[in-house]
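Descriptive analysis of the structure
What follows is each chain in one-letter form.
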Amino acid sequence: MNIQWYPGHMTKTRRMIAEQIKNVDAVCEILDARIPISSRNPDVDELTAGKPRLVVLNRVDQADPEATKQWAAYFRAKGYAVLESDARGGQGTAKFAGAVRELLADKLKAYAEKGMAGRVVRVMILGIPNVGKSTFINKVAGRKTAKTEDRPGVTRSKQWVPIDKGLELLDTPGILWPKFEDQSVGLNLAYTGAVKDDILDTETLGCHLMAYLGDKYPEALKTGYKLASLPEREENDIAYGYRLLEAAGRKRGFLVSGGEVDTERMAKILLDEFRAGKLGRFTLELPE
Ligand SMILES: Nc1nc2c(ncn2[C@@H]2O[C@H](COP(=O)(O)OP(=O)(O)OP(=O)(O)O)[C@@H](O)[C@H]2O)c(=O)[nH]1
Ligand SMILES: [Mg+2]
């Protein structure tokens, strides 16, 4: 499956980031805790070179808690300041201002010594579409200033949001990169809702996601779809995900004439339930 997603507005956003970077003191990169590597835009390093960086692992409420611990340690070991958050519920967001102050401690001290203690600190918020940037900013601000919605591509232009008299955040539209080198990155971005569904084949996605969950989280699948056991998986078994879709679809009664399972419908339900967190908390990649 070839997932390509790079509409014109992302080129515009890249340019805007390159222009605005000189106006900010730090960059906050919001990652999806379920796919911390797939949700990292490889272009961000280059675009933000030299700026102090805070990594936010967002959507921790949807991720496997054990895996989130490992990822937080992974990014800390790489020298980043790390914050774990559930921007929708508000968990973790109260720690943001303090984390920024700590990240910029030397700079703030230098300002204070020059008699510029009141200078506003500006932070650019970056991340892939739909990861929760605007929701995070609203929670930090304590009011709903930025528009949010559960689909990629909601924020269309930059927006400065004053937090208090010392801190301002720059909300930006989500950006992806022109080409995914690795198919699993494209799949992960599709499962989690970072790319628009209409450019993808739902059934293919459903097969891949089922196969992953069957491998890594079999108990959750059994519980979620009331399956006594899962189909056997053989070596190089490309039809495994499809058989899981069939088994789940049959249990749900999604049949078409002739008694066949409507796997297309089941795939859509699987994606919806995965995104809504109805099947459990899953992380789709782990640190090496
Ligand atoms: N469960 C859960 N949902 C979240 C979290 N953060 C954001 N959301 C939801 O995800 C959806 C997208 O949030 P937005 O804040 O609009 O995402 P964004 O990154 O600004 O998206 P774009 O502007 O389209 O790039 C909304 O429905 C939010 O309620 C989180 O930590 N946990
Ligand atoms: Mg937004």
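Parameters at a glance
- Residues numbered from 1 in each chain as written.
- Chains lettered and ligands numbered in written order.
- Predicted model: local features only at pLDDT ≥ 70, side-chain atom pairs only at ≥ 80, totals over all residues.
- Heavy atoms only, no water.
- Helix = DSSP H or I, 4+ residues; strand = E, 2+ residues; numbered from the N terminus.
- Buried < 20%, exposed > 50% of the residue type's maximum accessible area, 1.4 Å probe, protein only.
- Contact = heavy atoms within 4.5 Å.
- Lys, Arg positive; Asp, Glu negative; His and termini not counted.
- Charge placed at Lys NZ, Arg CZ, Asp CG, Glu CD.
- Core = buried A, V, L, I, M, F, W, Y, C linked by side-chain atoms within 4.5 Å.
- Domains from an automatic or database assignment.
- Near = heavy atom within 4 Å.
- Polar contact = N/O pair within 3.5 Å; in protein donor to acceptor, adjacent residues only side chain to side chain.
- Areas by Shrake-Rupley, 256 points an atom, 1.4 Å probe, with all protein chains shown as cover.
- Nonpolar A, V, L, I, M, F, W, Y, C, P; charged D, E, K, R; others polar.
- Salt bridge = Lys/Arg side-chain N within 4 Å of Asp/Glu carboxyl O.

1. Considerations on the overall build of the protein chain
Check the secondary structure of the protein chain and you find eleven helices and six strands. Projected onto the principal axes, the alpha-carbon positions of the protein chain cover approximately 80 × 35 × 35 Å. Counting all 288 residues of the protein chain, 51% fall into the buried class. Nonlocal contacts in the protein chain, meaning residues at least 24 apart in sequence, comprise 69% of its contacts between residues at least 6 apart. Charge centroids of the protein chain, computed over 44 positive and 40 negative side chains, lie 8 Å from each other.

2. Side note on the nonpolar core
Counting residues in each nonpolar core, the largest one holds 74 residues, and the members touching the most others are Phe96, Val123, Leu169, Leu189, Tyr225 and Leu270. For this core, the element with the most residues is helix α8 (residues 202-216), which contributes six residues. Residue-level mapping places this core at the junction of two domains, with at least three residues from each of domain 1 (8-171) and domain 2 (201-275). Once residues lying within four places of it in the same chain are set aside, the contact partners of Phe96 are Cys28, Leu54, Leu83, Val123, Ile125, Phe136, Val140, Leu167 and Leu169. Ala33, Leu57, Ala72 and Val82 belong to the second-largest nonpolar core, a separate cluster that totals eleven residues.

3. Quick word on the site of ligand 1
Around ligand 1 lies a shell of 23 residues, among which Arg59, Asp61, Lys133, Thr135 and Val154 are the nearest. Taking Val131, its main chain carries an N or O atom lying 3.2 Å from an oxygen atom of ligand 1. Take Val154: an N or O atom from its main chain is 2.7 Å from an oxygen atom of ligand 1. Starting from 660 Å² of accessible surface for ligand 1 in isolation, the protein chains cover 94%. Taken together, the residues that form the shell around ligand 1 break down as five nonpolar, ten polar and eight charged.

4. Comments concerning the pattern of salt bridges
A complete count under the given rule lists 16 salt bridges for this structure. Close ionic contact of Asp25 with Lys107 constitutes a salt bridge, the shortest N to O distance being 2.9 Å. With Asp25 in the loop between α1 (8-20) and β1 (26-32) and Lys107 in helix α5 (residues 105-113), this pair connects stretches of sequence that are 82 residues apart. Here the salt bridges do not stand alone but share partners, grouping Glu29, Arg40, Asp45 and Arg53 into one network.

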